[in-house]
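# Analysis of the macromolecular model
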Amino acid sequence: MVKIQVVNRGHQQLPAYATTQSAGMDLRANIDEPVTLHPMERRLIPTGLHIALPEGYEAQVRPRSGLALKHGLTVLNSPGTIDADYRGEISVVLINLSQQDFVINAGERIAQLVIARYEQAELVTVETLDETERGEGGYGHTGTR
């Protein structure tokens with residue numbers, strides 16, 4: 001298990017895994033008063049959290065499936081990436097894709113935080129690429145069955 005340093009400048013509890021096999025920890029809204037998101041409105045919602053990820057790791061901010069299904073609320077830049085060298089506050093860009101207002105209350109679980117390893121790549125310019133069965137087949141080229 002990777003150790004991540006966290007500074008909590010908000011008044012909400014730290015994110016935690018809901019079960020022993022959960023991939024994401026719930027992020028909570030750190031706001032002083034309720035925020036109403038109107039249909040198609042987007043807002044940056046603070047969490048009060050600052051983290052220091054080890055080199056080679058990123059944190060991904062992802063939507064909560066229940067909010068998406070039941071209320072049409074999602075993370076606009078999903079997944080949002082938090083780089084290992086970022087030390088600012090984690091905030092979540094939420095958008096209301098429903099036809100009704102949605103009220104976000106202090107402490108409400110608004111997104112998930114997933115910690116993931118990554119590797120940086122070196123791009124190497126070449127004249128051609130190797131041939132594959134798929135080739136240049138793009139979006140939907142394999143059909144629906």
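The structure this text deals with has already been given above.
Residues numbered from 1 in each chain as written. Predicted model: local features only at pLDDT ≥ 70, side-chain atom pairs only at ≥ 80, totals over all residues. Heavy atoms only, no water.

## Considering the nonpolar core
Note the threshold: We define a nonpolar core as any set of buried Ala, Val, Leu, Ile, Met, Phe, Trp, Tyr and Cys residues linked to one another through side-chain atoms lying within 4.5 Å. Per-residue accessibility, obtained with a 1.4 Å probe over protein chains only, is compared with the maximum for each type, and a residue is labelled buried under 20%, exposed over 50%, and partly exposed between these values. The helix and strand labels rest on DSSP assignments: H or I over at least four residues marks a helix, E over at least two residues marks a strand, and numbering proceeds from the N terminus. Only heavy atoms matter for contacts: two residues are in contact if any of them lie within 4.5 Å across the pair.
By size, the foremost hydrophobic cluster in this structure holds 27 residues, and its most contacted members are Leu94 and Ile104. Secondary structure elements with two or more residues in this core: strand E2 (24-28), strand E3 (35-37), strand E5 (49-52), strand E6 (57-62), strand E7 (73-75), strand E9 (91-96), strand E10 (102-104) and strand E11 (109-117). Looking at this core, the element that brings in the most residues is E11, giving 4 residues. Sequence-distant contacts of Leu94, defined by excluding residues within four places in its chain, comprise Leu37, Glu41, Arg42, Arg43, Ile45, Leu73, Thr74, Val75, Ile104 and Ile110.

## Description of the pattern of salt bridges
To keep things clear, this is the line we draw: Just to be clear on terms, a salt bridge is a Lys or Arg side-chain nitrogen sitting within 4 Å of an Asp or Glu carboxyl oxygen.
By the definition in use, this model includes 3 salt bridges. Note that Arg43 is salt-bridged to Glu41, the shortest N-O span being 3.7 Å. Connected via shared salt-bridge partners are Asp26, Arg64 and Arg109.

## Let's talk about the environment of Arg87
To keep it simple, the criterion reads: Here a polar contact is recorded for every N or O atom pair within 3.5 Å, except that within protein the pair must consist of a potential hydrogen donor and a potential acceptor, and residues adjacent in sequence are included only if both atoms are side-chain atoms.
Residue placement: Arg87 occurs in the loop between strand E8 (80-82) and E9. Of the residues examined, Arg87 reaches a relative accessible area of 45% and is grouped as partly exposed. Separated by 38 residues in the primary sequence, Arg87 and Leu49 have C-alpha atoms spaced 9.5 Å apart. A polar atom in the side chain of Arg87 sits 2.6 Å from the backbone oxygen of Ala84.

## A closer look at the pairing of E11
Consecutive side chains of a regular strand alternate in pointing toward one face of the sheet and then the other. For clarity, the cut-off: One requirement defines pairing of two strands: DSSP has to find at least two bridges between them.
In terms of strand pairing, E2 meets E11 through 5 bridges, oriented antiparallel. Opposite Leu27, over in E11, you have Ala111 as the bridge partner. Both E6 and E11 contribute to a ladder of 6 bridges, which runs antiparallel. For Arg62, the partnering residue across the bridge sits in E11 and is Gln112.

## Digging into the sheet that holds strand E4 (residues 42-46)
The condition that has to hold: Angles run from 0 to 180 degrees between N-to-C directions of axes, and those axes are lines fitted to C-alpha atoms, restricted for helices to the stretch in contact.
Spatially, 3 strands are ordered E4-E9-E7 in an open sheet, and the strand pairing comes out antiparallel. Whereas interior strands pair on both sides, the edge strands pair on one side only; in this sheet they are E4 and E7. The mean angle between the axes of side-by-side strands here comes to 35 degrees, regardless of whether they run parallel or antiparallel. Taken together, the 3 bridges between E7 and E9 define a ladder with antiparallel strand orientation. Counterpart to Thr74 in the pairing with E9 is Ile95.

## Some details on the pairing of E9
As defined by bridge partners, E4 adjoins E9 across 5 bridges and the pair is classed as antiparallel. Within E9, the position partnered with Ile45 by the bridge is Val92.

## Re the sheet that holds E8
In space, the 4 strands of this open sheet follow the order E2-E11-E6-E8, with antiparallel pairing throughout. Two strands close off the open sheet at either side, each with one partner strand: E2 and E8. On average, each strand axis in the sheet is tilted by 30 degrees relative to the strand beside it, whichever way the strands run.

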